[in-house]
Amino acid sequence: MDHHCPWTNNCVSHITFPHFVRFLFYAVFSLLILGFFLCIRISYVISESTLPSYLGPSTTSLTILFIITCSAGLSLFAMSLLFLRTVYSLTTNIYMIEAWEIERHDAVIERSKSKNMRGYVYANGGRKVRVHKVEFPFDIGIWENIVQAMGSANILLWFNPLAGGPSVESAGTWEENGFNDRVGMWPPPDPDKLGRRAGCVGVETIPMEEKVYGSVEEERDAFRKRQEADLKRWKKDDTGGTINNGDGYYEEDDEEEENEDESEEYEEGLDGEEGWTNSEGDRLRDYGVDEEADIVDEDDIPLGELIRRRKARSSESA
């Protein structure tokens, strides 16, 4: 779904998006026609401005012309921006929700690139998980994106107000561009919500049921048992593992040695400042190393390299 449109009083989704595009196109087109006739009227008023006032348009007519011109200009400006933004979404296959997901994932990647995190972020419950860059997989090309969204490759049907759109059945399957290692990796899970997802490490899915207690003491004992169960679930185990049931997005960091190395506490050097020094008080910058540089994002792969890898995988599978 893209968004809820108050003008059409309907949600712009997979099956209604073509109608929304046509609505914007004809709205902008109609406003352009209105602007054309307003320009003709304004030019006529200007040409007759040298005549006496009783021979020209009345004050009421000029006021109405001014109000219509201003409202039409503002409407044309706003609708044109919305139409251009919709065309951009149409050609890139990135709509409002997808844009939010991309921004969220980019923010997580930026958090993991800080000097202290070194590729990890804190997930829900205080656990450290390693994050991996996931490319947006549904941008399959400008023409393919438009055909997929409009439901037809016939350009004339795109402008037909009575034409339909994609079927509901097609909303469940989406072609991917092959930039990721496997299909189905989008959207990446949110680290702040991993602990609440069914199938995550240390999380149980318990159906809600009504319980009637015989006394206050019995209800208090049941509450304490639930507290103990919660503490056991949140207690870190020593076996390690992968969050989100091994889907490969985030890997849990449970080893104490890594936690000590990745600690946010800064080490104090011999000179009394924060940071590492050797036994003689020398720092890394004394040897030409930039200590303030962020970790290089090895997952930020150029588009050409992604295309080359996709071709290599296709040739191997063939």
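About the cut-offs
Residues numbered from 1 in each chain as written. Predicted model: local features only at pLDDT ≥ 70, side-chain atom pairs only at ≥ 80, totals over all residues. Heavy atoms only, no water. UniProt positions renumbered as here; feature names shortened; annotations may be inferred. Helix = DSSP H or I, 4+ residues; strand = E, 2+ residues; numbered from the N terminus. Buried < 20%, exposed > 50% of the residue type's maximum accessible area, 1.4 Å probe, protein only. Contact = heavy atoms within 4.5 Å. Areas by Shrake-Rupley, 256 points an atom, 1.4 Å probe, with all protein chains shown as cover. Core = buried A, V, L, I, M, F, W, Y, C linked by side-chain atoms within 4.5 Å. Patch = residues over 30% accessible without salt bridge, like charges linked within 9 Å, V, L, I, M, F, W, Y side chains within 5 Å. Salt bridge = Lys/Arg side-chain N within 4 Å of Asp/Glu carboxyl O. Phe/Tyr/Trp six-rings, centres within 6.5 Å; stacked < 30°, edge-to-face > 60°.

In the annotation of an unreviewed UniProt entry, the protein chain is listed under the name Palmitoyltransferase and assigned to Botrytis fragariae. Database annotation for the protein chain, UniProt heading Sequence similarities (unreviewed entry): "Belongs to the DHHC palmitoyltransferase family." Within the UniProt record for the protein chain, the comment given under Catalytic activity (unreviewed entry) is "L-cysteinyl-[protein] + hexadecanoyl-CoA = S-hexadecanoyl-L-cysteinyl-[protein] + CoA".

Draft legend 1. Expanded view of the overall build of the protein chain. The secondary structure content of the protein chain amounts to 9 helices and 5 strands. Tracing the protein chain from N to C terminus, the helices and strands come up as β-β-α-α-α-β-β-α-α-α-α-β-α-α. For the protein chain, with 318 residues in total, the buried portion stands at 29%. The contacts of the protein chain with a sequence gap of at least 6 include a subset with a gap of at least 24, amounting to 65%. As displayed, the protein chain offers around 21,500 Å² of accessible surface, 57% of which is attributable to carbon and sulfur atoms.

Draft legend 2. Here's a closer look at the nonpolar core. Core analysis: the largest hydrophobic core is formed by 17 residues, its most contacted members being Phe17, Met79, Leu90 and Met150. Elements that contribute at least two residues to this core include exactly helix H1 (17-47), helix H2 (59-92) and helix H4 (142-150). Broken down by element, this core gets its largest block of residues, 7 residues, from H1. Discounting chain neighbours no more than four positions away, the residues touching Leu90 are Phe17, Tyr95, Asn145, Ile146, Ala149 and Met150.

Draft legend 3. Expanded view of a nonpolar patch on the surface. Judged by side-chain polarity, Tyr26, Phe29, Ile33, Phe36, Phe37, Ile40, Trp143, Ile155 and Phe159 come together as a nonpolar surface patch covering roughly 870 Å² of accessible area. With 6 residues, H1 is the single largest residue contributor to the nonpolar patch. Within the secondary structure, Tyr26 is located in helix H1.

Draft legend 4. Quick look at the UniProt feature "transmembrane region" (unreviewed entry) in the protein chain. Mapped onto the present numbering, the UniProt feature "transmembrane region" (unreviewed entry) falls on residues 23-44 and 64-84. In residues 23-44, the share of helix is 100% and the share of strand is 0%. The end C-alpha atoms are 32 Å apart. Helix makes up 100% of residues 64-84 and strand 0%, with an end-to-end C-alpha separation of 30 Å.

Draft legend 5. Inspection of the packing of aromatic side chains at higher detail. Scanning the entire structure with this criterion turns up 11 aromatic pairs. Judged by centre distance (5.1 Å) and plane angle (80 degrees), the ring pair of Phe25 and Tyr26 falls under edge-to-face. Classification of Phe25 by relative accessible area gives partly exposed; the value is 28%. Using a relative accessible area of 31% as the deciding quantity, one classes Tyr26 as partly exposed. Here Phe25 and Phe29 contribute two aromatic rings whose centre-to-centre distance is 6.3 Å and whose plane-to-plane angle is 10 degrees, an arrangement assigned as stacked. With Phe25 and Phe29 both in helix H1 and 4 residues apart, this pair spans about one turn of that helix. Given the relative accessible area of 44%, Phe29 is considered partly exposed. Ring-pair connections join several aromatic residues into one group, and the members of that group are Phe25, Tyr26, Phe29, Phe83 and Phe159.

Draft legend 6. Fine view of the environment of Leu303. For Leu303, the position within the fold is in helix H9 (residues 303-317). Residues Leu303 and Phe179, spaced 124 residues apart in sequence, show a C-alpha to C-alpha distance of 8.7 Å.

Draft legend 7. Broad picture of the pattern of salt bridges. A complete count under the given rule lists 3 salt bridges for this structure. One salt bridge in this structure joins Arg104 and Glu101, with 2.7 Å as the shortest N-O distance. Of this pair, Arg104 and Glu101 both sit in helix H3 (residues 96-112), 3 residues apart, which is roughly one turn of that helix. Put simply, Lys133 and Asp106 hold a salt bridge, and the shortest N to O gap is 3.0 Å. Of the two residues, Lys133 sits in the loop between strand E4 (128-131) and H4 while Asp106 sits in helix H3, which places them 27 residues apart along the sequence. Judged by relative accessible area, which is 24%, Lys133 ranks as partly exposed. The partly exposed category is assigned to Asp106, whose relative accessible area is 32%.

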